[in-house]
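For reference, the chains in residue letters:
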Amino acid sequence: MTAVVNEDTWTARRINRTALITMVVMVFAWAVDYIDRFSIGMALPMIGAEFDLSKTQQGWLVTVFALVYMVCQIPAGFLADRYGSRGPMLVTLLAWSAFTAMTGMAGTFGMLLVVRGLFGVCQGLFPAASFKAIAERTTPGNRATVTGVMLSAGGIGAGLAPLIVGPLLMALGWRHTFFWMAGIGAIIGVVVWTLLPKPLPKSLSSLPRTEASTPEVSRKQVLKSFVVWKFTLLFCATNMLNYGLITWVPSYLLEARGLTLNQTGVLAAIPMLVSIGTTILGGWLFDKYFHDHGRWYLGSIALVTVALLTLMVNADSTAEFTLYETLALAVFGMATMAVFGLPLRVLPTAVTGIGMGVMNFGGQVAGAVAPVAMGWLADAFSYTAAFGFLIGTTFLTAVMAFWVPQNPAQFTFSPASPRG
């Protein structure tokens, strides 16, 4: 006889414990994701030298990953909604570890492009499943906080990548470095699958019917929602900054500032590590104060970031450049949940996968555009022009902040068709 799970058995302590365990597990998974993904930025100078690549060609090694990753986001959302979060996450973590190892085996630039594309397929299935895992295991009232901590792992991974990968590159070379990272990723995949707790009942993980503008939403309605696509374009604008800095700051410090690889690793890590705390803070601030007032919050953050980036581009010394880059990423880290907070709060758990898949599609458009656009600008003009591109996209974020809705009542969907 099957036992019926009563909502009363989900005490506040059990709900909070479920959220905490989920948060910790997902931080580990996302940290490995970002270390694997952005280690290519540290390795680009070595790879470029071995294969005699221009900066534009080096940018394509990042962009081909981002293009494939981008295309996978919406199908990944369907898979997450259809099969849940546990299975897809295990498969993707193991598969992308395999392609991390294959990166170190590539013998030609063409083969590197193919492997990076396949790597993009594997990692592309992960974000929607991870957002689904959070939505299934948190209440709407603490979801932005938990998601903010999870996304802060991007800073952990991007910050640790230079500190871990830099010494490995110096000691082992770029090929063997990717072999080591592949083994660690596979171990983390098994740990994530083992430790992820049981989901909450639907009644606890969704907004009350009185607060939701449309209590029941189909996947088709999500795909056709103009509001969801507004947030998708907003995430595209905001993600330009992260992709651009992570890809090109290491090369800039090596080539324009004359630093060693180890020095570059330390200086590239500092801004990313500082952004960890502000991303978490941003999630808490959104849940506590700004869940219905995100426009001025996001717009103000973006404008302050524009000012700091302008100071960074005009910095005279390496220390000054790193200081302003650190401040810019620290401030902009608080904006993350101003982008994701409202959609995660409003979207029913049953369609969180497809909703986050659509939004992450926009973020990966940035991943496809920023590295190669900045590589071309650096080749044709200068690094100053390349970083100026990021100033423009961050200013666009400030403008778009006043274009998206800022509370659940404004987050509407078209009426469902007779077939749903």
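Residues numbered from 1 in each chain as written. Predicted model: local features only at pLDDT ≥ 70, side-chain atom pairs only at ≥ 80, totals over all residues. Heavy atoms only, no water.

An unreviewed UniProt entry lists the chain under the name MFS transporter, with Amycolatopsis thailandensis given as the organism.

1. Quick look at the overall build of the chain
To keep it simple, the criterion reads: A run of H or I in DSSP becomes a helix once it reaches four residues, and a run of E becomes a strand once it reaches two; helices and strands are each numbered from the N terminus. Every radius of gyration here is taken over C-alpha atoms, with the globule rule written as 2.2 Å times N^0.38, N being the number of residues. Each residue gets one of three labels from its accessible area relative to the maximum for its type: buried under 20%, exposed over 50%, partly exposed in between, using a 1.4 Å probe on protein chains only. Contacts were defined at the residue level, with two residues in contact if any of their heavy atoms lie within 4.5 Å. Here the accessible surface of atoms and residues is derived via Shrake-Rupley with a 1.4 Å probe, and residues count as covered only by protein chains that are part of the display. We count Lys and Arg on the positive side and Asp and Glu on the negative side, and we leave His and both chain ends out. All charge positions are set by atom: Lys at NZ, Arg at CZ, Asp at CG, Glu at CD.
Regarding its fold elements, the chain presents 15 helices and zero strands. The C-alpha radius of gyration of the chain comes to 21 Å, within 12% of the 22 Å expected for a compact globule of 420 residues. In terms of principal-axis extent, the alpha carbons of the chain reach across some 65 × 45 × 40 Å. Within the chain, the fraction of its 420 residues that count as buried is 60%. Residue pairs in contact within the chain that sit at least 24 positions apart in sequence constitute 87% of those at least 6 positions apart. Summed over all atoms, the accessible surface of the chain reaches about 16100 Å², with 69% contributed by carbon and sulfur. Treating the 24 positive side-chain charges of the chain as one cloud and the 17 negative ones as another, the clouds have centres 12 Å apart.

2. So, the pattern of salt bridges
To keep it simple, the criterion reads: Here, a salt bridge means any Lys or Arg side-chain nitrogen found within 4 Å of an Asp or Glu carboxyl oxygen.
This structure, assessed with the given rule, holds three salt bridges. Asp81 serves as the salt-bridge partner of Lys132, at 2.9 Å between the closest nitrogen and oxygen. On the criterion of sequence distance, the pair formed by Lys132 in helix α5 (residues 126–137) and Asp81 in helix α2 (residues 55–83) is long-range, its members being 51 residues apart. For Asp81, a relative accessible area of 10% translates into the label buried. Glu136 is the partner of Arg137 in a salt bridge, and the nearest nitrogen-oxygen pair spans 2.7 Å.

3. Notes on the domain arrangement of the chain
We count it as follows: Domain delimitation in this document rests on an assignment produced automatically or drawn from a domain database. Two parts placed together each lose some accessible area under a 1.4 Å probe, and the buried area is that loss summed for both.
We note that the domain assignment places domain 1 (13–200) and domain 2 (219–409) within the chain. Once you take the C-alpha centre of each, domain 1 and domain 2 turn out to be 18 Å apart. Each side of the interface is counted separately: domain 1 has 55 residues, and domain 2 has 54 residues. Both faces combined, the contact of domain 1 with domain 2 buries some 4400 Å², and carbon together with sulfur accounts for 72% of it.

4. Observations regarding the nonpolar core
Generally speaking, nonpolar side chains in soluble globular proteins are found buried as a group. Definition in use: Take the buried residues of types Ala, Val, Leu, Ile, Met, Phe, Trp, Tyr and Cys, join any two whose side-chain atoms come within 4.5 Å, and each joined set is a nonpolar core.
Of all hydrophobic cores here, the largest spans 107 residues; its most connected members are Met26, Trp30, Leu245, Phe340 and Phe387. It is helix α9 (residues 226–255) that contributes the most residues to this core, 16 residues altogether. Structurally, this core is a two-domain feature, drawing no fewer than three residues from each of domain 1 (13–200) and domain 2 (219–409). Other than its neighbours up to four places away in sequence, Phe387 contacts Leu245, Val249, Tyr252, Met312, Val313, Phe321 and Met374. Grouped together as the second largest cluster of nonpolar side chains are 18 residues, Ile35, Met42, Phe51 and Leu169 included.

5. Regarding α2
The α-helix advances 3.6 residues per turn, and as a result positions three or four apart in sequence lie on the same side. Heads up, the rule is: Each helix should span, by expectation, one fewer than its residue count multiplied by 1.5 Å. What is called the bend at a residue is the angle between a pair of axes, fitted to the seven residues leading up to and ending at it and to the seven starting from it.
Across its 29 residues, α2 extends 41 Å between first and last C-alpha, which sits within 8% of the 42 Å expected from 1.5 Å per residue. If you look at α2, its biggest bend is around 40 degrees, right at Gln73, and the proline Pro75 turns up within four residues after that.

6. Regarding unusual backbone geometry
The backbone phi angle of Asp52 is positive, close to 55 degrees, even though this residue is not glycine. Among the structural elements, Asp52 can be located in the loop between α1 (12–51) and α2.

7. Description of a nonpolar patch on the surface
What counts, and what does not: For patch detection, residues must exceed 30% relative accessible area and be free of salt bridges, and they are connected within 9 Å for like charges or within 5 Å for nonpolar side chains (Val, Leu, Ile, Met, Phe, Trp, Tyr).
On the surface, a nonpolar cluster with roughly 410 Å² of combined accessible area is contributed by Leu163, Ile164, Val266, Ile270, Leu273 and Val274. If you list the elements that add at least two residues to the nonpolar patch, you get α6 (143–195) and α10 (261–290). Tallying contributions element by element places α10 first for the nonpolar patch, with four residues. According to the relative accessible area criterion, Leu273 is partly exposed, its value standing at 32%.

8. Let's talk about the environment of Arg82
Looking at the element boundaries, Arg82 is found in helix α2. Note: C-alpha distance between Arg82 and Gly157 (75 residues apart in sequence) is 29 Å.

9. A few points about the side chain of Thr352
Along the chain, Thr352 turns up in helix α14 (residues 352–380). If near-sequence neighbours (up to four positions away) are discounted, Thr352 is found in contact with Asp81, Phe131, Lys132, Ala135, Leu344 and Leu347.

10. What about the packing of aromatic side chains?
Our working definition: Here a pair means two rings of Phe, Tyr or Trp (six-membered ring of Trp) with centres within 6.5 Å. Their orientation is stacked below 30 degrees between planes, edge-to-face above 60, and tilted elsewhere.
This model, assessed by the stated rule, comprises 17 aromatic pairs. Centre to centre, the rings of Phe65 and Tyr69 are 5.1 Å apart; their planes meet at 40 degrees, and the pair counts as tilted. Placement of both Phe65 and Tyr69 in helix α2 is noted, with a separation of four residues, approximately one turn of the helix. The exposure class of Phe65 is buried, given its relative accessible area of 2%. Using a relative accessible area of 1% as the deciding quantity, one classes Tyr69 as buried.

11. Remarks on the packing of helix α11 (residues 294–313) against helix α15 (residues 383–400)
Keep this limit in mind: Throughout, an axis means a line fitted to C-alpha atoms (over the contacting stretch in the case of helices), and angles, computed between N-to-C directions, take values from 0 to 180 degrees. These descriptions rest on fixed angle ranges, namely under 35 degrees for roughly parallel, over 145 for roughly antiparallel, 65 to 115 for roughly perpendicular, and the rest for oblique. Two helices crossing with the near one rotated counterclockwise from the far one by less than a right angle form a left-handed crossing, whereas a clockwise rotation gives a right-handed crossing.
Across the interface, α11 lies against α15 with an axial gap of 8 Å and an inter-helix angle of 165 degrees. Between α11 and α15, the angle is such that the two are roughly antiparallel. In terms of crossing hand, the pair formed by α11 and α15 is left-handed. The segment α11 lies against α15, with Leu298, Gly299, Ala302, Leu303, Thr305, Val306, Leu309, Thr310, Met312 and Val313 engaging Thr384, Phe387, Leu390, Ile391, Thr394, Phe395, Thr397 and Ala398.

12. Examining the environment of Leu163
Here Leu163 lies in helix α6. The spacing of Leu163 and Ala101 is 62 residues in sequence and 20 Å in space, taken between C-alpha atoms.

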